[in-house]
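Now for the letters of each chain:
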Amino acid sequence: MNINFSTATFKDFENIPGFDMMERADIYYDFLEYMKTNGHRYRLQNNTGCSSVMNVGTENVTKEFVSFVTSDYLGFTQHPKVKRAAIDGIEKYGTGTAATPLIGGYYSYHNDLEKKISSFFGRMQDEVAIFTTGYTANSATLQILLQKEDIAIVDMAVHASVYEGCLLTNRKTFPHNNLEALENILKTSENRYRTKLVIIDGVYSQDGDIAPIEEIYNLAKKYNAYLMIDDVHGVGILGKTGRGTIEDTGLLNKIDIITGTFSKTFGNLGGYVIANKTLANFIRFQSRQQIFSATTPPSTATGIIKAIELIDEEPYWREKLWDNINYFKKGLDDLGLNTGTTSSAVIPVKIGDPHTTGDAGKMLLERGIYTNPIIYPAVARKDARIRMSMTAAHDREHLDKTLNAFEDINKKLHIAKK
């Protein structure tokens, strides 16, 4: 076994030739213990709910940390109206569905949620398929829509759920946001495949940058391709009224498929797919995850419905979020740190070297700052970074504490842009 733990990444353990599943698991466990010994930990235990300050267990000790690890961008997991709506859902319907949606597990609150989503996006002529996770909304939808006669044309930076969804079809990737490369693939694919589906994110989860949606839409239509946009990090945050990255393009009613999650802005769990009624019903009745999996429980659906309403009822939260984003990003930039091309609530500090990044994450924890060091294969080998999610729940005191910590760490690790 030729794996050097000091330079290894998670991907090195996906397959180790000559070792069966138990042996590979044993080796990987040793690697996790090595990482833990060196202060690089994942799956830390949170003892309080999502918030800007979280009680986190490390070993046998718990401590309060300023947290940047959740995507609860508007703080709705803790909003009293969302909590009340979830409790009301349980009191009216109970705790679960106890069946799949096709055979007894489809309730009135599911219909209410579907209509609420389509109305929120101004697509009342279309319909919505609901999934238990945002990940599944992507993977399950693509698995049923695209087969061996079709092709997915994918921005290389899309979410892992998209890649999983494309396992049954042909797939070509283009360099991130590279319109020339995308057009070249569209040209060469134009008459070769039954269905051509371009798949992008609205906001990309690691860099926080935004797709050139209008240009990509025009290219897709020019070459008779469909367009799917996953806007999980844009909805509720971007757009004139919080409808996401697509809103200000004027294309909300023209994108063929919009997918998203309820686990970020809406403070809950689940995913959705918006499409015309024929396509939405095809997904509902053909997707294995719809046929064989129980669906959203009442507390989740009723809580999401209230969270959707709050986007319009309480715009203060989005305003507060953007105040925090602008202040924090300016502070990082003033320190000379590399925040890349982010234009959203996802704020990376790009460091490059994975081990220096791990050390920075460890030092932040020691200073009471809980962040996510992101390394290969989640990002390129030399593009490791500390990834942070800004929320409306952060106070100026939290942000200043974190900026001071980064200033101190930069003096020790020299992570500022050269």
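As a starting point, this report considers the structure included with it.

Reading the values: rules and limits
Residues numbered from 1 in each chain as written. Predicted model: local features only at pLDDT ≥ 70, side-chain atom pairs only at ≥ 80, totals over all residues. Heavy atoms only, no water. Core = buried A, V, L, I, M, F, W, Y, C linked by side-chain atoms within 4.5 Å. Buried < 20%, exposed > 50% of the residue type's maximum accessible area, 1.4 Å probe, protein only. Helix = DSSP H or I, 4+ residues; strand = E, 2+ residues; numbered from the N terminus. Contact = heavy atoms within 4.5 Å. Patch = residues over 30% accessible without salt bridge, like charges linked within 9 Å, V, L, I, M, F, W, Y side chains within 5 Å. Areas by Shrake-Rupley, 256 points an atom, 1.4 Å probe, with all protein chains shown as cover. Salt bridge = Lys/Arg side-chain N within 4 Å of Asp/Glu carboxyl O. Pairing = 2+ DSSP bridges. Axes fitted to C-alpha atoms, helices over the stretch in contact; angles between N-to-C directions.

Our next topic: the nonpolar core. For soluble globular proteins, the rule of thumb is that nonpolar side chains tend to be buried together. Counting residues in hydrophobic clusters, the biggest one holds 98 residues, and the most contacted among them are V198 and I200. With seven residues, the top contributor of residues to this core is helix α10 (residues 298–313). Setting aside residues no more than four positions away along its own chain, I200 makes contact with D155, V158, F174, A211, I213, I216, L227, M228, I229 and D230. With eight residues, the next largest nonpolar core counts A8, I27, F31 and M35 among its residues.

Of note, the amide linkage connecting Y376 to P377 takes the cis form, showing an omega dihedral of 10 degrees. Mapping P377 onto the fold places it in the loop between β13 (372–374) and β14 (384–389). Positive phi outside glycine occurs at N177, with the angle close to 60 degrees. Its location among the elements puts N177 in the loop between β6 (170–174) and α6 (179–189).

Residues F10, L32 and Y42 make up a contiguous nonpolar surface patch of about 240 Å² in total accessible area. Relative to the helices and strands, F10 resides in the segment before α1 (21–37).

Sheet strands pair by backbone hydrogen bonding; their relative direction is either parallel or antiparallel. Taking strand neighbours across the sheet as the criterion, the three strands line up as β11-β14-β13 in an open arrangement whose pairing is antiparallel. Because the sheet does not close on itself, it has two edges, and the strands there are β11 (346–352) and β13. Geometrically, the sheet is characterised by an average inter-axis angle of 25 degrees between neighbouring strands, direction not taken into account. Note that β11 and β14 share six bridges and pair antiparallel. If you follow V349 over to β14, its bridge partner there is I386. Here helix α11 (residues 316–334) sits on the sheet and contacts β11 and β14; the angle it forms with β11, its principal contact strand, is near 15 degrees.

The analysis is restricted to geometry; functional conclusions fall outside its scope.
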